[in-house]
Amino acid sequence: MSLPLVLVVIAALLAVTVAIGLLARRRDGRRRDVRGDRRATDAAELGPGGLGDRATLVQFSTELCARCPQARRVLDGVAAQREGVVRTEVDLTHRADLASRHGILSTPTTFLLDPDGTVRSRFHGVPRPAEVLAAIDELTPAPAPTAKERRAA
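Residues numbered from 1 in each chain as written. Predicted model: local features only at pLDDT ≥ 70, side-chain atom pairs only at ≥ 80, totals over all residues. Heavy atoms only, no water.

Chemist: Can you break down the nonpolar core residue by residue, with the values?
Modeler: As a rule of thumb, soluble globular proteins bury nonpolar side chains together. Ala-55, Leu-57, Leu-75, Val-78, Ala-79, Val-85, Leu-112, Phe-123, Val-132, Leu-133, Ala-135 and Ile-136 together form the largest nonpolar core, which totals 12 residues. If you list the elements that add at least two residues to this core, you get strand 2 (55-61), helix 3 (68-81) and helix 5 (129-139). No other element matches the four residues that helix 5 contributes to this core. Membership of the second largest hydrophobic core comes to 11 residues, among which are Leu-92, Leu-98, Phe-111 and Val-119. (Core = buried A, V, L, I, M, F, W, Y, C linked by side-chain atoms within 4.5 Å. Buried < 20%, exposed > 50% of the residue type's maximum accessible area, 1.4 Å probe, protein only. Helix = DSSP H or I, 4+ residues; strand = E, 2+ residues; numbered from the N terminus.)

Structure (structure tokens):
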């Protein structure tokens, strides 16, 4: 192979690799709505928090996940902003059966469950707070403010 041809092949491979990386990064943390009636109400899946009155955020992680602490902070912040939202975490290191059952190929992966325990959305990677909040707000409307809250405003 001649040197110019080798350089062209290397440049093409580099361009394809960069394009794939940019596409994967663009999709990371974005919301994907779930079709069908996939339920996740098994108490062993949800951990000690159980289901929230408005929504439940279930973060699937592993012991060696580098981005899971960041996802945990984001989800804790989102849960603190919306009343009736519970965040729980499932360690797939000890529950590999759940990874195969739910088709989880990488961590962190987050499920948004409605009050009945049905999976409505899923987020791969570190979720974007605005997208999680929008998904929660679409799932169930915010509770009406109490008379005391209206007077304070």
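Chemist: Now, about the pattern of salt bridges: what can you tell me, with residues and values included?
Modeler: By the definition in use, this model includes seven salt bridges. A salt bridge links Glu-89 to Arg-72; the nearest nitrogen and oxygen atoms lie 2.7 Å apart. With Glu-89 in strand 3 (residues 85-91) and Arg-72 in helix 3, this residue pair connects regions lying 17 residues apart in the sequence. For Glu-89, a relative accessible area of 25% translates into the label partly exposed. Note that Arg-87 is salt-bridged to Glu-89, the shortest N-O span being 3.4 Å. In the salt-bridge network here, residues are joined through shared partners; they are Arg-72, Asp-76, Arg-87 and Glu-89. (Salt bridge = Lys/Arg side-chain N within 4 Å of Asp/Glu carboxyl O.)

Chemist: Describe the sheet that holds strand 5 (residues 119-124), naming the residues involved and giving the relevant values.
Modeler: Judged by pairing direction, the sheet is mixed, and its five strands sit side by side in the order 1-5-4-2-3 without closing on themselves. Looking at strand neighbours, the two that pair on one side only are strand 1 (31-33) and strand 3, the edges of this open sheet. For this sheet the average axis-to-axis angle between neighbouring strands, irrespective of direction, equals 25 degrees. Pairing of strand 2 with strand 4 (residues 109-113), which is carried by five bridges, proceeds in the antiparallel orientation. Residue pairing for strand 4: Val-58 is matched across the bridge by Phe-111. Here helix 3 sits on the sheet and contacts strand 2, strand 3 and strand 4; the angle it forms with strand 2, its principal contact strand, is near 175 degrees. Here helix 5 sits on the sheet in contact with strand 1, strand 2, strand 3, strand 4 and strand 5, set at roughly 175 degrees to strand 5. (Pairing = 2+ DSSP bridges. Axes fitted to C-alpha atoms, helices over the stretch in contact; angles between N-to-C directions. Contact = heavy atoms within 4.5 Å.)

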